[in-house]
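# What the coordinates show
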Amino acid sequence: MGSVSNQEFPGVCKTEEDEGPSTEEDSPSFHGVGVCKWFNVRMGFGFLSMTSRDGVALDEPVDVFVHQSKLHMEGFRSLKEGEAVEFTFKKSSKGLESQRVTGPGGIHCVGSERRPKGKKVQKRRSKGDRCYNCGGLDHHAKECKLPPQPKRCHFCQSIDHMVASCPVKAQQSSPASQGKLSPLKAEEGEHSQSAPPPETSD
């Protein structure tokens, strides 16, 4: 097992005292030209397809790893598939890794028009949010331009009662309950019985 890991990751098991400073940092930097092979905008990395190295055309394109932090551009950093790029890169234990990526001639990278899902510039309220003052859907009560309105039933919008004693809601829920008294109906029953005095019979 030890010999296999040494072959796959040369220098990993060796200490700094034996080897001195890391060979990755000392490795020479090269210049490459090519295009973006693919780039994952959500994860922020991808691969470049290098077609020329230090001014010499390659027989076959070579993959070079790219991270969004290495892109020369403003705003959201990403690359578009097929975008022409120039870059400096180094050889590391993982392979070829870009250090600085620009557009042709050192200009800013163009980038992808795609953005990660779930990251919206402006977050809208959910459909259920309403203004408690006027019932409008486009704002909350603290932003309402109307003066304080009378309290209304949230179910039928009547100003005569609140949702706890709404007769419309009670009627709609009665078929679903199938003979069982809902808490609202039971509450209404108590109020109706307590309102008139009970009849006494001899």
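Residues numbered from 1 in each chain as written. Predicted model: local features only at pLDDT ≥ 70, side-chain atom pairs only at ≥ 80, totals over all residues. Heavy atoms only, no water.

Formally: UniProt positions are given in the numbering used here, feature names are shortened, and annotations may be inferred rather than shown by experiment.
Under an unreviewed UniProt entry, the protein chain has the name Protein lin-28 homolog A and belongs to Kryptolebias marmoratus. We quote the UniProt Sequence similarities (unreviewed entry) comment for the protein chain here in full: "Belongs to the lin-28 family."

### Points about the overall build of the protein chain
Heads up, the rule is: Counting from the N terminus, the helices are DSSP H or I runs at least four residues long and the strands are E runs at least two residues long. Working definition: with a 1.4 Å probe on protein chains only, accessible area under 20% of the residue-type maximum means buried, over 50% means exposed, and in between means partly exposed. By definition, residues are in contact when any of their heavy atoms lie within 4.5 Å. Only the protein chains shown count as cover for residues, with accessible areas throughout obtained via the Shrake-Rupley method and a probe of 1.4 Å.
Each helix and strand counted, the protein chain has five helices and five strands in total. The order of α-helices and β-strands along the protein chain, N terminus first, is α-α-α-β-β-β-β-β-α-α. In the protein chain, buried positions account for 22% of the 202 residues. Relative to all contacts within the protein chain whose residues are 6 or more apart in sequence, the contacts with residues 24 or more apart total 44%. With an accessible surface of roughly 15300 Å², the protein chain has 53% of that area assigned to carbon and sulfur atoms.

### Topic: the pattern of salt bridges
Convention followed: Salt bridge, as applied in this entry: a Lys or Arg side-chain nitrogen positioned within 4 Å of an Asp or Glu carboxyl oxygen.
Following the criterion strictly, the structure yields two salt bridges and no others. Ionic pairing is found between Asp-63 and Lys-37, a salt bridge with its closest N-O pair at 3.0 Å. Residue Asp-63 is located in strand 3 (residues 56–67), and its partner Lys-37 is located in strand 1 (residues 29–40); the two are separated by 26 residues in the primary sequence. Residue Asp-63 is classed as partly exposed on the basis of its relative accessible area, which comes to 36%. The salt bridge partner of Glu-113 is Lys-80, with a shortest N-O separation of 3.8 Å. Within this pair, whereas Glu-113 is found in the loop between strand 5 (95–102) and helix 4 (167–177), its partner Lys-80 is found in the loop between strand 3 and strand 4 (84–92), the two being separated by 33 residues in sequence. For Lys-80, a relative accessible area of 39% puts it in the partly exposed group.

### Some thoughts on the UniProt feature "domain: CCHC-type" (unreviewed entry) in the protein chain
Those places that UniProt annotates as "domain: CCHC-type" (unreviewed entry) correspond, in this numbering, to residues 130–145. In residues 130–145, the share of helix is 0% and the share of strand is 0%. The end C-alpha atoms are 14 Å apart.

### Remarks on the state of the cysteines
Convention followed: Note on disulfides: each one is a pair of cysteine sulfur atoms within 2.5 Å.
One pass over the structure, following the stated rule, counts zero disulfides. Cysteine Cys-109 is unpaired, with the sulfur of Cys-36 as its nearest cysteine sulfur at 9.3 Å. A relative accessible area of 5% places Cys-109 in the buried class. With no disulfide of its own, Cys-156 lies closest to Cys-166 among cysteine sulfurs, the gap being 3.8 Å.

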